[in-house]
Structure formats: structure tokens, C-alpha cells
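# Coordinate inspection notes
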Amino acid sequence: MLEWLWLVPAGLLIGLYGTIIGAGGGFILVPLLLLIYPQESPDTIASVSLAVVFFNALSGTLAYARLKRVDYGSGVLLSVATIPGAILGALTTGRIARRPFDFMVGVLLVGISAFLMMKPVNEAGEYQGRFRFARRMVDRAGTVHVWSYNFVLALILSVFIGFLSSLLGIGGGFIHVPVMINLLNFPVHVAAATSHFTLTVMSFVGSTVHLVTGTLRGHRPSRRAAGHRRHRGGPGRRPARPAHARRLDHPRSRPRPGLRGPPPHHQSAIAGDRTGL
């Protein structure tokens, strides 16, 4: 029990930092769990992280809702787009081995870091092309935010982000926020708040899939355990026969046709002839 107590302060710090930047903290929690629990399977790590991300995102959404910074119109649009990817990603995690999973997480974190360092932050602006979705909102402080974006591009990106985030258990807020700011013209504070709203829905769907499949409850057998049960004669296999039965069935223990001994009366006749001699 004591070995799990460190998760309480770690969860508080991860939730605090994730709420500030509009992420659920999965991009910190997943590498931490991978380092501390090297024997755990990827689906176990991802399911635990998504559950933590859900509660962090939910609390952050409630806090941002009081500040009136959540764009619910865009949030619903992006959330619906993440659902198919979140379901598919949660179902795919169990098919990935541990070493490729670690590599994918590392490459994604390095790639996003490089993107943030090389790409300057854009100010909220207007999109004038096709599929334009114009937005205007006023937060609790009275600040007016006006921007627009390509909603088709937003849907496509959200499907991909939902899949990748649920696949790796990282939540996806640290991907969604840069995308919303740099590609969809969102104001910074609105992007962080709306990302939390989207992240709540996406992480809830992914956690539900893990709960239904038994990964989150710890009921899903590992491949090694399943193979061990099959080797010992688990369900679907014929039980091993006793050793004495196998010996009786051995070809050498069976009498061969034509090689049986003479009948008893023949043996007695032979014995009488020998006595008479």
C-alpha cells in the first residue's frame, strides 16, 4: 500500500500543471509510469493514465467554465470528432509490445517539443477560406475574443489526435492546444479551456473502452499468463492424461497380432510330452 502513496502528490502536481497549459497531464504521467513500472503492459499504463487524465480534465473544465473561457460550440464539434479515434486507439493499445510503445511515446514527446520550439505562437485571427467557422465569445473579465477557423481541418485533426492520444494514454491536450493556437487561430486562454472540455470527453470514452475490455479493472490476462494456462491445460484444451494411462497406450505395451503365446491346452500338452520323456 505504501508504494502507491507517491501517486497522490504526483497526481496533484500533474493536475495543477496540466490545467495551466490546457492538458490533462498524461504526457507527464505516462513516461513516469513507464520508468517506474517497466514490467507493466502498455494497455495497463495507458488505461491508468487515461483515467487520471479524465478527472484532471473534468476539474479543469469546471474551473474554466466559471471563467467563461470554454467555447462550447467548438468543444462539442472537436469532442465528437475525437470519439471514433479514441475508441480505436484504446482497442489497439493491447496489440503493441512494450518496447515499440516506449519508442512511440518518446518520439511523440520529442516531436511536439521541437514543434513548439520552432513554431512561433500566432495571435488569434480570422480565416477567410472555405469551410469557415466564425466564433465570438466574451469571458468573465469582459474580454472579447473573435476568431475563425477551417472546421473541416479541425475535424480531421481531432480524429487523428483522439486516436493517438487514446493509443498512448497521453490524453492529447498537449497536442490539441498547439494545434488550436497555431492552425485554428484560437486565443491562448480559450484554447486551453476548450481543450480541457474536449479532453474530458475523449478520455472518458477511452477509459470506458478500457473498463469494458477489463484492462482498467485488472481482469485482462497477460499474454504470458494466458500461454502458461494453455500449457497447463486451461480452458479449451484437453486435460493431460495420467502417466499410467499413457504407458498403457504406448505401442510397445500392446500385444502384436500373430505373436501371442499358444493356448493353454497346447501348453499343457507340451508339458505332458516333456514329462513322458
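Residues numbered from 1 in each chain as written. Predicted model: local features only at pLDDT ≥ 70, side-chain atom pairs only at ≥ 80, totals over all residues. Heavy atoms only, no water.

Turning to a nonpolar patch on the surface, a few remarks are in order. The grouping of V48, L211 and L216 at the surface amounts to a nonpolar patch, some 200 Å² of accessible area in total. Summarising the element assignment, L211 is placed in helix α8 (residues 188–213). The partly exposed category is assigned to L211, whose relative accessible area is 39%. (Patch = residues over 30% accessible without salt bridge, like charges linked within 9 Å, V, L, I, M, F, W, Y side chains within 5 Å. Areas by Shrake-Rupley, 256 points an atom, 1.4 Å probe, with all protein chains shown as cover. Salt bridge = Lys/Arg side-chain N within 4 Å of Asp/Glu carboxyl O. Helix = DSSP H or I, 4+ residues; strand = E, 2+ residues; numbered from the N terminus. Buried < 20%, exposed > 50% of the residue type's maximum accessible area, 1.4 Å probe, protein only.)

On inspection of all chains with the given rule, the structure shows three salt bridges. The salt bridge partner of R135 is D71, with a shortest N-O separation of 2.7 Å. Of this pair, R135 sits in strand β1 (residues 132–138) while D71 sits in the loop between α3 (42–66) and α4 (72–92); the two residues are 64 residues apart in sequence, bridging distant segments of the chain. Judged by its relative accessible area of 3%, D71 is buried.

This part takes up α4. Under the 1.5 Å per step criterion, the end-to-end length of α4 is 30 Å for 21 residues, consistent within 8% with the ideal 30 Å. Among all positions of α4, only S74, G75, L78, S79, A81, T82, G85, A86, G89 and A90 are buried. Tucked inside the fold, the buried residues of α4 contact β1, β2 (144–150), α6 (151–168), α7 (173–182) and α8. (Expected span 1.5 Å × (residues − 1). Contact = heavy atoms within 4.5 Å.)

Overall, the predicted model of the protein chain reaches an average pLDDT of 79, with 75% of residues at or above 70. By mean pLDDT, the top-scoring element of the protein chain is α4 (94), and the lowest-scoring one is helix α9 (residues 223–231) (42). Residue range residues 221–239 is modelled with pLDDT below 50. Its contacts to residues more than four positions away, or to other chains, number six contacts. Segment residues 266–277: pLDDT under 50, and one contact once partners within four positions in sequence are set aside and those in other chains are kept. (pLDDT = per-residue confidence, 0-100.)

Once that is clear, we can look at the packing of aromatic side chains. Any pair of aromatic rings gets described here by the distance separating the centres and the angle formed by the planes. Summed over the entire model, instances satisfying the criterion amount to nine aromatic pairs. Ring geometry for F27 and F174: centres 5.0 Å apart, planes at 25 degrees, overall stacked. One end of the pair, F27, is in helix α2 (residues 26–36); the other, F174, is in helix α7, and 147 residues separate them in sequence. The exposure classification of F27 matches that of F174, with both residues buried. Taken together, a centroid distance of 5.1 Å and an interplanar angle of 70 degrees make the contact between F54 and F55 edge-to-face. Through a chain of ring-to-ring contacts, the aromatic side chains of F133, W147, Y149 and F186 assemble into a single cluster. (Phe/Tyr/Trp six-rings, centres within 6.5 Å; stacked < 30°, edge-to-face > 60°.)

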